[in-house]
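As a plain string of letters, each chain reads:
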There are 2 protein chains.
Amino acid sequence: MTAQQFDAVDIIRAKRDGRELTQAEIDWVINAYTHDYVADYQMAALNMAILLNGMNRTEISHWTAAMIASGERMNFDALSRPTADKHSTGGVGDKITLPLAPLVAVFDVAVPQLSGRGLGHTGGTLDKLEAIAGWRAALSNEEIMDQLENVAAVICQAGSGLAPADRKLYALRDVTGTVEAIPLIASSIMSKKIAEGTSALVLDVKVGSGAFMKNEENARQLAQTMVDLGKDAGVNTVALLTDMSTPLGLTVGNALEVRESIEVLQGGGPQDVVDLTVALAHEMLVGAGRATDIDDIRAALSDGRAMDKWRAMIAAQGGDNDAPLPVAKEQHVITAPRSGYLSSLDAMAVGVSSWRLGAGRARKEDQVQAGAGIELHAKPGDKITEGQPLMTLHTDTPERFERAIAIAQEGFDISDDVVTGLPDLVIDRIV
Amino acid sequence: MTAQQFDAVDIIRAKRDGRELTQAEIDWVINAYTHDYVADYQMAALNMAILLNGMNRTEISHWTAAMIASGERMNFDALSRPTADKHSTGGVGDKITLPLAPLVAVFDVAVPQLSGRGLGHTGGTLDKLEAIAGWRAALSNEEIMDQLENVAAVICQAGSGLAPADRKLYALRDVTGTVEAIPLIASSIMSKKIAEGTSALVLDVKVGSGAFMKNEENARQLAQTMVDLGKDAGVNTVALLTDMSTPLGLTVGNALEVRESIEVLQGGGPQDVVDLTVALAHEMLVGAGRATDIDDIRAALSDGRAMDKWRAMIAAQGGDNDAPLPVAKEQHVITAPRSGYLSSLDAMAVGVSSWRLGAGRARKEDQVQAGAGIELHAKPGDKITEGQPLMTLHTDTPERFERAIAIAQEGFDISDDVVTGLPDLVIDRIV
């Protein structure tokens, strides 16, 4: 607790009236909120004022630092290798963390991927890995350090000790219409990543219908804000702005995405998943001071080195690499209503459909179905013949089909002409 | 409860993004908040979005109607005389309700003044009257009706049944920096006044340092919004825009203001208090269909008719008209540091000083001191001689003097020149 005392209402009014908040005010309000001295309703009003009136770079930096100070910090200095971390703002079919962590570890860089569960239409990395029999998400700090030393890659649950203010704040924003504030999104993500203690960080900022940020301008602003925050805190940070107008890869859902990730680690898999995995690995290795030729990175996917790391990483957390992945009990195929070219396949529609099938949760306490989700049989630009399968929907609970099919069928367009002008996978690199 | 269901977050987001709320959305959110289904933190975020993005006349009208619908409505149709009510937005030394209610009652118009207690630097009408031995603020609806029939004037506590949504909302706005939103202020005041069932309403909208509204433009906007709301609900409504840059009259504090009110009812008292009382009485009588000559209204103050009504009104609520008023234990006199003309006497500084002396409360559960407050010995424009008393500060608890004196001494200016350009007491009339 800082010595200086403030009044929550004065701070709310200051931001409401467009004034810059001081470091002392920010330190006080975050600390007081963490300790329940500032009430949820006061923080909700402040969040809305921040959303509508903004914060400048100095305020965001102080806000982030105050959230970091609310909890413990990790320190990887004792490791024998540098660390690099990746964060994605979330997208449909975004399983990149799964092949990426072992791939980067191949090149002697430690990858501490502290991840979360999914809420809403985007899946969570931990939910996906929990489709593997025996795999355990919760590790102690000591187990994380051991695994980083022995295997180099770890994907696990973020401890509750990191930036507890953020956890409390995020839950509040979720129910008060204040999620979409760039200063709050940026400080939420970066407080955890900085507290985690990585030396290099690559941000995958998604833009498009299936992403948090629907338009490129906002996504750029978020990316730049986070890169600035990282640099201000001494973390070597870079962001890639990547397309999320259509799902990544050909699978959406937990076990389905693990299967596709394993294909990538076997040297196969969809081109977009491979390309993005390699691009992000390249950035992480550069950031960690282990600059590596792109071709060598690609080779590690096809020659089994990344697969060996994956198996070691899964086994270290109790996962059975040889157990079959869960398969949903029921399938439904959506076919093409006419011939032509697939001109769009909307990420949000596919994400919501998969969620409705049981792959995601509506409330924190919900269980996800490991086998539920969607397989895509065509991607934007593909030539289509009437009656051919476009998607296969999977669920254990067939009563979910009706609402899932309804939205999936709204989620694509077929045109008579060859499709041009599809967005690039990597739109820009922001430093 | 309306049949249609909404999600609080959708409504918050709509207003956050500048969209007009529908009547169904407003009905739902007010009803759901009253019944604790929408949480305080959600309403706080919505209030801040309303404060920053506004509501149009239609939305404000629906918002007010929804608050009225949250509780009971009173009905004065059974009375043998028309009703007229007055509401002041609150100012320092504003004791006008005390002489006004009996004065209007002289002319056979019923005055149901449902009032509140003070919070912050402006006093509350009930706190003032409670300085009178035996006087009772809480009356049943039946007692109110009887007193309106028998005496015609009643000043009492507003029942908890009127617009309960507003009471809950006001308490929340007070602690979330969202008091100063014109749509919310207007609907808060007008929901209670419309639910109260008066046929004519005169609004005294204060403008200046000691008022809610510091500048004339905002005060005008608030006045017009409330007049429109009143008319839309079938209440004959008019507003006077009046000056609150300096305190009203020569006393601030509970018993001190009762004493000054009695002076006015005895045909004396400060000119500004008399003039405003007469101006508001005139408007109330016109609104109630009992248009009366200004001279006749003034005569009722000096010939004892209003005093008789006052004594009957106080006695009907158990008050002892002959008991001495409480006097504070300690006094401190602030004198003029030099000769000249009093060019300003800041209402806010005097109000806060009086509050610090114990005349007001910082939290709802605080007790007020009946004798605490400030007597003014000069008003803006007056010629001043060095060393003459400017104010006498009263309190039962002398440890309060230091902070009260500090702000009072900052609250006035003395100039060498004759003071010109002081604001008019009544700035405008808004219909």
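Conventions we followed
- Within each chain, residues carry numbers counting from 1 in the order of the written sequence.
- Here every chain gets a letter starting at A, and every ligand a number starting at 1, in the order they are written.
- In keeping with the predicted nature of the model, local features appear solely for residues at pLDDT of at least 70, side-chain atom pairs appear and are counted solely at 80 or more, and the whole-chain, interface and lining totals rest on all residues.
- Excluded from the side-chain calculation are hydrogens and water; included are all heavy atoms of the structure.
- Domain ranges listed in this record stem from an automatic or a database domain assignment.
- Throughout, a residue-residue contact means that at least one pair of heavy atoms, one from each residue, lies within 4.5 Å.
- Two parts lose some accessible area (1.4 Å probe) when they are put together, and adding that loss for both gives the buried area.
- Salt bridge, as used here, is a side-chain nitrogen of Lys or Arg placed within 4 Å of a carboxyl oxygen of Asp or Glu.
- Think of it this way: any DSSP run of H or I at least four residues long counts as a helix, any run of E at least two long counts as a strand, and we number them from the N terminus.
- Note on exposure labels: buried denotes an accessible area under 20% of the residue type's maximum, exposed denotes more than 50%, and partly exposed covers the range between, all computed with a 1.4 Å probe on protein chains only.
- Any two strands are treated as partners once DSSP identifies two or more bridges connecting them.
- A fitted line through C-alpha atoms serves as each axis, taken over the contacting stretch for helices, and the angle formed by two N-to-C directions is quoted from 0 to 180°.

A.B. asks: Could you give an account of the domain arrangement of chain A, naming the residues involved and the relevant values?
C.D. replies: All names here are of chain A. Once the domains are mapped, chain A shows domain 1 (85-160 + 196-316) and domain 2 (330-415). Taking only C-alpha atoms into account, the centre of domain 1 sits 24 Å from that of domain 2. Taken residue by residue, the interface counts 26 residues in domain 1 and 26 residues in domain 2. Summed over both sides, the interface of domain 1 with domain 2 buries roughly 1,800 Å², with 58% coming from carbon and sulfur. At the junction of domain 1 with domain 2, the criterion picks out three salt bridges. Here R259 makes a salt bridge to E375, at a shortest N to O gap of 3.1 Å.

A.B. asks: Describe in detail the pattern of salt bridges, supporting the description with residues and values.
C.D. replies: Residues and elements named next belong to chain A. Taken as a whole and judged by the stated rule, the model has 61 salt bridges over all chains. Residue D108 is joined to R81 by a salt bridge in which the shortest nitrogen-to-oxygen separation is 2.7 Å. Of the two residues, D108 is situated in the loop between helix 5 (97-105) and strand 2 (111-115) and R81 in the loop between helix 4 (57-69) and strand 1 (84-88); the sequence distance between them amounts to 27 residues. Here R81 falls in the buried class, since its relative accessible area comes to 14%. Put simply, D127 and R361 hold a salt bridge, and the shortest N to O gap is 3.0 Å. You can see D127 sitting in helix 6 (residues 125-129) and its partner R361 sitting in the loop between helix 15 (347-359) and strand 9 (373-376), a full 234 residues away along the chain.

A.B. asks: Let's hear about the sheet that holds strand 13 (residues 426-430) of chain A: which residues, and what values?
C.D. replies: Residues and elements named next belong to chain A. In spatial order, the strands read 1-4-5-13; together these four strands make up an open sheet with mixed pairing. Sheet topology places strand 1 and strand 13 at the edges, where each strand pairs with a single neighbour. Across the sheet, the mean angle separating the axes of adjacent strands is 20 degrees when strand polarity is ignored. Note: strand 1 against strand 4 (residues 200-207), five bridges, orientation parallel.

A.B. asks: I'd like a description of the environment of G116(A), backed by residues and values.
C.D. replies: All names here are of chain A. Of note, G116 is situated in the loop between strand 2 and helix 6. Since its relative accessible area comes to 36%, G116 is described here as partly exposed. Each C-alpha atom of the pair G116 and D127 lies 8.2 Å from the other, and the pair is 11 residues apart in sequence. What G116 contacts, discounting residues up to four positions off in sequence, is G124, T125 and L126.

A.B. asks: Describe in detail the sheet that holds strand 5 (residues 236-243) of chain B, supporting the description with residues and values.
C.D. replies: Residue and element names in this part refer to chain B. Read from one edge to the other, the open sheet built from four strands follows the order 1-4-5-13, with strand pairing classed as mixed. Two strands bound the open sheet, and with one partner strand each, they are strand 1 (84-88) and strand 13 (426-430). In this sheet, adjacent strand axes meet at a mean angle of 20 degrees when their direction is disregarded. Here eight bridges tie strand 4 (residues 200-207) to strand 5, and the two strands are oriented parallel to one another. Considered in strand 5, the bridge of L201 is made with T237. Across the face of the sheet, helix 9 (residues 182-195) comes into contact with strand 1 and strand 4 while running at roughly 160 degrees to strand 1. The sheet strands contacting helix 12 (residues 271-287) are strand 1, strand 4, strand 5 and strand 13, and the helix crosses strand 4 at an angle near 150 degrees.

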